[in-house]
Amino acid sequence: MPGFHAIIVAAGTGSRAGAGLPKQYRPLAGIPVLRRTVDQFMALAGLKSVIVVIGPGQESLCAEVLGEDAPVTVVIGGASRRESARAGLDALTGRAAPDDIVLIHDAARPFVSNALVERVVVKAREKGAAIPAIPVIDTLKRVEKDGAVAETVDRAPLRAAQTPQGFVMSALARAHGDVAASHPATDDASLFEALGLPVAVVDGDPTNLKLTTEADFQMAETRMADTRRVRTGFGYDVHRLGPGTHLWLMGIELSHDRSLIGHSDADVGLHAITDAILGALSAGDIGSHFPPSDPAWRGADSSRFLAHAMALAADRGALLEHVDATLICEAPRIGPHREAMRARVSEILGIETDMVSIKATTTEKLGFTGRGEGIACQAIATLSVPGSRA
Ligand code: MG
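Residues numbered from 1 in each chain as written. Predicted model: local features only at pLDDT ≥ 70, side-chain atom pairs only at ≥ 80, totals over all residues. Heavy atoms only, no water.

Asks: Sorry if this is basic, but what is going on with the pattern of salt bridges here?
Replies: Oppositely charged side chains are able to pair whenever their charged atoms sit close together. Here the structure, examined in full by the defined rule, presents 14 salt bridges. The salt bridge partner of Glu-330 is Lys-365, with a shortest N-O separation of 3.8 Å. Taken together, the residues Glu-330 in the loop between strand S17 (319-328) and helix H11 (338-349) and Lys-365 in the loop between strand S18 (356-361) and helix H12 (367-370) connect sequence positions 35 residues apart. With a relative accessible area of 24%, Glu-330 lands in the partly exposed category. Of the residues examined, Lys-365 reaches a relative accessible area of 62% and is grouped as exposed. Through salt bridges that share partners, Arg-81, Asp-106, Arg-109, Asp-188 and Lys-210 make up one connected network. (Salt bridge = Lys/Arg side-chain N within 4 Å of Asp/Glu carboxyl O. Helix = DSSP H or I, 4+ residues; strand = E, 2+ residues; numbered from the N terminus. Buried < 20%, exposed > 50% of the residue type's maximum accessible area, 1.4 Å probe, protein only.)

Asks: What exactly am I supposed to notice about the side chain of Arg-228 here?
Replies: Mapped onto the elements, Arg-228 comes out in the loop between helix H7 (214-227) and strand S13 (229-243). Glu-321 is the oppositely charged side chain nearest to the buried, salt-bridge-free Arg-228, at an N-O distance of 5.0 Å. Of note is the side chain of Arg-228, whose polar atom sits 2.8 Å from the backbone oxygen of Gly-317. (Lys, Arg positive; Asp, Glu negative; His and termini not counted. Polar contact = N/O pair within 3.5 Å; in protein donor to acceptor, adjacent residues only side chain to side chain.)

Asks: Please clarify how the packing of helix H1 (residues 33-42) against helix H2 (residues 59-66) should be interpreted in this entry.
Replies: Any two packed helices are characterised by how steeply their axes cross, that is the angle between the axes, and by the distance between the axes. One can describe the packing of H1 onto H2 by two numbers: an axis separation of 9 Å at closest approach and a directional angle of 55°. Relative to H2, H1 is oriented oblique. Seen along the crossing, H1 lies across H2 with a hand that is right-handed. Where H1 approaches H2, its residues Leu-34, Arg-35 and Val-38 are matched on the opposing element by Cys-62, Val-65 and Leu-66. (Axes fitted to C-alpha atoms, helices over the stretch in contact; angles between N-to-C directions. Parallel < 35°, antiparallel > 145°, perpendicular 65-115°, else oblique. Left-handed = near helix turned anticlockwise from the far one by under 90°. Contact = heavy atoms within 4.5 Å.)

Asks: Please clarify how the coordination of the magnesium ion should be interpreted in this entry.
Replies: Around the magnesium ion, the protein contributes the donor atoms Asp-237 (OD), His-239 (NE2) and His-271 (ND1), which lie 2.2 to 2.3 Å from the metal centre. Given the relative accessible area of 7%, His-271 is considered buried. (Donors = N, O, S within 2.8 Å, 3.2 Å for Na, K, Ca; no water.)

Listed below in structure tokens is the structure:
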């Protein structure tokens, strides 16, 4: 694919889609729409730079969604779609060569495919300006002010325009300068049309939805849910029992005539669950994230380890569906504390209590757990992770 720059216009303030947030910041299957759209572009070969145009006051929202150190340039847009595109273009001045290709894309279209981007880039390189568009499927009616049908419109020559729209940098900058500021451009190609300049059309993609209404979001969520995949992870941990008066198990402190020995608080239950979640994410093990050699974790509250694993999961759009753990020991007795443990673990994980199962067994006085030398725990975590795209 030839090289190109991308301007992602995310300056809208519309919250027609509900949830109180501008739609581009709203999560879709756990990941904000803007992040999905930016990630989609970042993965493309040929990408030279990304400008994200946001609305005034959206700086912290944007940083939260993209991360403080995302390799994008964030600029503030204007009151209209056109002014926002212009702000993005200004940010490219001096960075893009006059004959570079610039793509302008709506942040609210997170399902843009690599193939579509390539079609636009190649055609814009060839013709100077190119947009993707799809045929209109519905029969079209022109309707009078009183709501009555005036006529059926011939849909054969009509197309619905999508983004990304691609242009040669210098031509786009000139069009912005030459077309009167009063021109109500709802897309970038209309500036070229206003000047009588040709705009080539490539096949759009019906799945390249623009998320606008609540119904759009619900449909997209359903599509994403269909593509989610289930992952399971297994965790196992053992800690030695030694002299003491209390121990930590599953996030709660129990009085006992022995203590669990370890570098951290030695909560064998939370360690096994943490490893199970890391396992489902294929993200290493607890020792690789929190090396026992690091003094920072001496006596650490193990809920921090579990919260870290959950943050990694959230970062990947993964949802924890269920945790099942079995503590293996002769003592203390787990039954009387089971509900408190489930409540505490579900609190740390931020999921419902009925998604956390905690069981216990002895080993009939056999082995190290039977002799009371230590406590073991096994855990299985079930997560669902997003498919690559809907
Ligand atoms: Mg451990």
